[in-house]
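What follows is the residue order along each chain.
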Amino acid sequence: MDLIDKIRARQILLLRAGLSVVVLTIVVFLVRQCSVPVSHISDERAGGDTLNVAVELSPMTLSTASDTIGGFGYDILMKIARDNGIPVKINAFSSLPEALARLNSRRYDLVISDMPVTASLRQKYGFTVPVYRDRQVLVQLADSLGGVPVKSQQELGGKEVWAAVGTPVVARLHTLASEIGDTICVYESDSYTEEQLLMAVAIGEIPRAASGQFVARRMAADYPQLDTSVDLSFSQLKCWTTHKEDTLLLDSLNSWINACVKSRDFSILLKKYDLE
C-alpha cells in the first residue's frame, strides 16, 4: 500500500469512526421510540415490577442495522420479556465499570455485556446460566498466500497487540503473557472500538488486535485479508450479571433463559448472529 492509499485508508477509518458516534446516537433515539423505555446510564431507578436492565452498546448485545434495533443480547431479552410478560427498562451503556457500580448500588437489576465469567467475579456477582459461548482471537493481516506473521500464542512474545480499553481481552492478554513467559506489548485504545481497531488492522495502520470471535468473524466477512485463526482463549461462557444477593431474580432468569434456549426462536437467533 503506497502513501496515498494509506492516507485515503486513514481518512476512511476516521470517517467510519465519526459515523459510529452518529450510529450510537441513532441507537439511543430509536430505542427510546420503542414500547420498552430506554435511557443512558443514570441514577434513575425503574419502579414497581419493571426489570431495570443495562445493555452494553456493542455488535453482540445492542446495535442497529438498517435503522432497526438489534443485537443478540437485546433480542434474547426482548423474547424473554414478551414470553413472560415482564416490563423492561433498558439502559444503553458503554462503560462496564460504571454499569457494574450501578448494579452494586441496586440502580440496575441486570447487566448484559461481554464480560467473561471468572472465579474471582463469581465472588462479587451473580451469573445466570450461559446464554451463549464465545472466545477471544488474534486478528492480523494475511498475505496473498494466507500466511500470517504470528501463527501461535507462543509467537506473541515481544509483539504489539491492540485492544479496546476496558474490554475483557485486555486482561486475557496480560494473563497470556505470564503463560508464555514473555512480554506482550498491549496497547489499549480509548478512542477506537473493537470493530474500528480491526478496520485499522485491515488497512495496515496497526499490526494486530485482539477481540471476541463474534466481532472478528463479522469483520473478516467484510475484510477477507483479516486472519482470525489464532485463538487467545478457550471457549468462554457468556452469562448475564445480577447483584450477588438477588437470588430470587437469578432463579427466575435461569428459568426464563433455560426455556428460551430450547425454543425454535433461539435457534433462529443463533443462525442470524452466526453463533452456531
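Anything mentioned here points back to the structure above.
Residues numbered from 1 in each chain as written. Predicted model: local features only at pLDDT ≥ 70, side-chain atom pairs only at ≥ 80, totals over all residues. Heavy atoms only, no water.

Caption draft 1: Up close: the overall build of the protein. The helix and strand inventory of the protein stands at nine helices and 15 strands. Burial statistics for the protein: of 276 residues in total, 49% are counted as buried. Counting only contacts in the protein whose residues sit at least 6 apart along the sequence, the fraction spanning at least 24 positions is 74%. Roughly 13800 Å² of accessible area belongs to the protein as shown, and the carbon and sulfur atoms make up 53% of that amount. (Helix = DSSP H or I, 4+ residues; strand = E, 2+ residues; numbered from the N terminus. Buried < 20%, exposed > 50% of the residue type's maximum accessible area, 1.4 Å probe, protein only. Contact = heavy atoms within 4.5 Å. Areas by Shrake-Rupley, 256 points an atom, 1.4 Å probe, with all protein chains shown as cover.)

Caption draft 2: Region of interest: helix α7 (residues 213-222). By the burial criterion, the buried members of α7 are Phe214, Val215, Ala216, Met219 and Ala220. Looking at the buried positions of α7, the neighbouring elements they touch are β8 (132-134), β9 (136-141), α6 (194-202), β12 (208-212) and β13 (226-231).

Caption draft 3: Main features of the side chain of asparagine 254. With respect to the helices and strands, the residue asparagine 254 is situated in helix α8 (residues 247-261). If we skip the residues at most four places from it in the chain, asparagine 254 touches Thr128 and Val129.

Caption draft 4: Examining helix α2 (residues 72-84) more closely. Here α2 spans 18 Å end to end across 13 residues, near enough to the 18 Å set by a 1.5 Å rise per residue. When we look at burial in α2, the residues that qualify are Phe72, Gly73, Tyr74, Asp75, Ile76, Leu77, Met78, Lys79, Ile80 and Ala81. In the stretch just after α2, glycine 85 is the one whose phi turns positive, near 65°. (Expected span 1.5 Å × (residues − 1).)

Caption draft 5: Molecular detail of the pattern of salt bridges. For the structure shown, the criterion picks out nine salt bridges. Across the salt bridge formed by aspartate 83 and lysine 79, the nearest N and O atoms sit 2.7 Å from each other. One end of the pair, aspartate 83, and the other, lysine 79, are both in helix α2, four residues apart, so they sit about a helical turn from each other. Residue class for lysine 79 comes out buried when judged on its relative accessible area of 7%. A salt bridge links lysine 79 to aspartate 265; its shortest N-O distance comes to 3.4 Å. (Salt bridge = Lys/Arg side-chain N within 4 Å of Asp/Glu carboxyl O.)

Caption draft 6: Spatial organisation of the environment of leucine 176. Within the fold, leucine 176 resides in helix α5 (residues 168-180). When the C-alpha atoms of leucine 176 and serine 233 are compared, they prove to be 8.7 Å apart, with 57 residues separating the residues in sequence. Among all residues touching leucine 176, those that are not within four sequence positions of it are Gln153, Leu156, Ile184 and Leu232.

Caption draft 7: Examining the packing of α2 against helix α9 (residues 264-272) more closely. Contact geometry for α2 and α9: axes closest at 11 Å, N-to-C directions at 170°. With respect to their mutual orientation, α2 and α9 come out roughly antiparallel. Two secondary-structure elements touch here, α2 through Phe72, Asp75, Ile76 and Lys79 and α9 through Asp265, Phe266, Leu269, Leu270 and Lys272. Residue composition of the contact of α2 with α9, grouped by class: five nonpolar, no polar and four charged. (Axes fitted to C-alpha atoms, helices over the stretch in contact; angles between N-to-C directions. Parallel < 35°, antiparallel > 145°, perpendicular 65-115°, else oblique. Nonpolar A, V, L, I, M, F, W, Y, C, P; charged D, E, K, R; others polar.)

Caption draft 8: Highlighting the packing of aromatic side chains. Applying the stated criterion across every chain, the model contains five aromatic pairs. Between the aromatic rings of tryptophan 162 and tyrosine 187, the centroid separation amounts to 5.2 Å while the plane-to-plane angle is 20°, which identifies the pairing as stacked. Remark: tyrosine 187 occurs in strand β11 (residues 185-189) and tryptophan 162 occurs in strand β10 (residues 160-164); sequence separation between them is 25 residues. The exposure class of tryptophan 162 is partly exposed, given its relative accessible area of 22%. Geometrically, the ring pair formed by phenylalanine 214 and tyrosine 273 is tilted, given 6.5 Å between the ring centres and 50° between the ring planes. Separated by 59 residues along the polypeptide, phenylalanine 214 in helix α7 and tyrosine 273 in the segment after α9 bring together distant segments of the chain. As far as burial versus exposure is concerned, phenylalanine 214 and tyrosine 273 are alike and both buried. Connected via pairs of aromatic rings, a cluster forms that spans Phe72, Tyr132, Phe214, Phe266 and Tyr273. (Phe/Tyr/Trp six-rings, centres within 6.5 Å; stacked < 30°, edge-to-face > 60°.)

Caption draft 9: Examining unusual backbone geometry more closely. Positive phi is not limited to glycine here, since arginine 106 has a value of about 70°. Following the sequence through the fold, arginine 106 ends up in the loop between α3 (96-104) and β6 (110-112). Judged by its relative accessible area of 36%, arginine 106 falls in the partly exposed class.

Caption draft 10: Broad picture of the nonpolar core. In terms of nonpolar packing, the biggest core is built from 51 residues, with Phe72, Ile76, Leu77, Val88, Leu226 and Trp240 touching the most fellow members. Of all the elements, α2 adds the most residues to this core, at seven residues. (Core = buried A, V, L, I, M, F, W, Y, C linked by side-chain atoms within 4.5 Å.)

In short, shape yes, function no, at least from these values alone.
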